[in-house]
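Okay, here's what each chain looks like letter by letter:
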Amino acid sequence: HCILYCVSAASHRFEEEEKKFIKMFLDENKDTHIPVIIVITKALSKKDARELKSCIEAENLAVAQIVPVLAEDYELDEDTVVKSYGLEELSEVMYAIIPDAMKKTFISVQKANIKLKTQKAQAVVIGAAAAAGATGAIPIPFADSFALIPEQIAMLASITAVFGLSLEKSAKS
């Protein structure tokens, strides 16, 4: 539903062949309209990554976004560690461009952006609270409890799914 084209920041350049390949792919992709994100990988130096990003942007390629990423902390030596960055931004870019039908699945399978998972879980709770409020408005005492219990179980199952857990696993915790 989107294509990630990776360019190594370690090379410090965007090759002519890479530009040609992306242009060729974008031309052939006009019918399917699959968005392309260029990911600048192994971006140890944010300054170098910004420079490479500017170089790629100057090519005016019809890509959705260019995102520098250092996926894991990188230990330069025992005293210096470069902290990872970019995965949260990449997941937000991907979430914004994928089809709506895929967003629920994307949120549950991705692990880089807890904020997306939390937002989806909050939406589930709000929906369940509205349904419970409507059920609670039934004027017959205790009649609502038979409807509320399945609604609460469904809410818990939905929240569990958002965070990528199985119901079995959540029941044991």
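Remember, predicted model here, so these are calculated numbers, not experimental data.

## Section: the pairing of strand β2 (residues 36-41)
Within a regular strand, the side chains alternate between the two sheet faces.
Consideration 1: Among the six residues of β2, six are classified as buried, and the element is accordingly described as predominantly covered.
Consideration 2: Alignment of strand β1 (residues 3-8) against β2, held across six bridges, turns out to be parallel. Residue pairing for β2: V7 is matched across the bridge by I40.
Consideration 3: Of the strand pairs in this sheet, β2 and strand β3 (residues 65-68) are connected by four bridges, and their pairing is parallel. Residue I38 lies in a different strand from β3, and its bridge partner there is I66.
Consideration 4: On the question of chirality, the crossover connecting β2 to the parallel β3 by way of helix α2 (residues 46-57) is right-handed.

## Some points on the environment of E51
Consideration 1: Within the secondary structure, E51 is located in helix α2.
Consideration 2: Along the sequence, E51 and A9 sit 42 residues apart, while their C-alpha atoms lie 9.6 Å from each other.

## A word on a negative patch on the surface
Consideration 1: Taken together, the side chains of E75, D77, E78 and D79 make up a negatively charged region of the molecular surface.
Consideration 2: Position of E78 among the secondary structure elements: in the loop between β4 (74-77) and β5 (80-82).
Consideration 3: Assessed through its relative accessible area of 69%, E78 is described here as exposed.

What counts, and where the lines are drawn
Residues numbered from 1 in each chain as written. Predicted model: local features only at pLDDT ≥ 70, side-chain atom pairs only at ≥ 80, totals over all residues. Heavy atoms only, no water. Buried < 20%, exposed > 50% of the residue type's maximum accessible area, 1.4 Å probe, protein only. Helix = DSSP H or I, 4+ residues; strand = E, 2+ residues; numbered from the N terminus. Pairing = 2+ DSSP bridges. Right-handed = clockwise from strand over helix to strand, strands pointing away. Patch = residues over 30% accessible without salt bridge, like charges linked within 9 Å, V, L, I, M, F, W, Y side chains within 5 Å. Areas by Shrake-Rupley, 256 points an atom, 1.4 Å probe, with all protein chains shown as cover. Salt bridge = Lys/Arg side-chain N within 4 Å of Asp/Glu carboxyl O. Lys, Arg positive; Asp, Glu negative; His and termini not counted. Charge placed at Lys NZ, Arg CZ, Asp CG, Glu CD.

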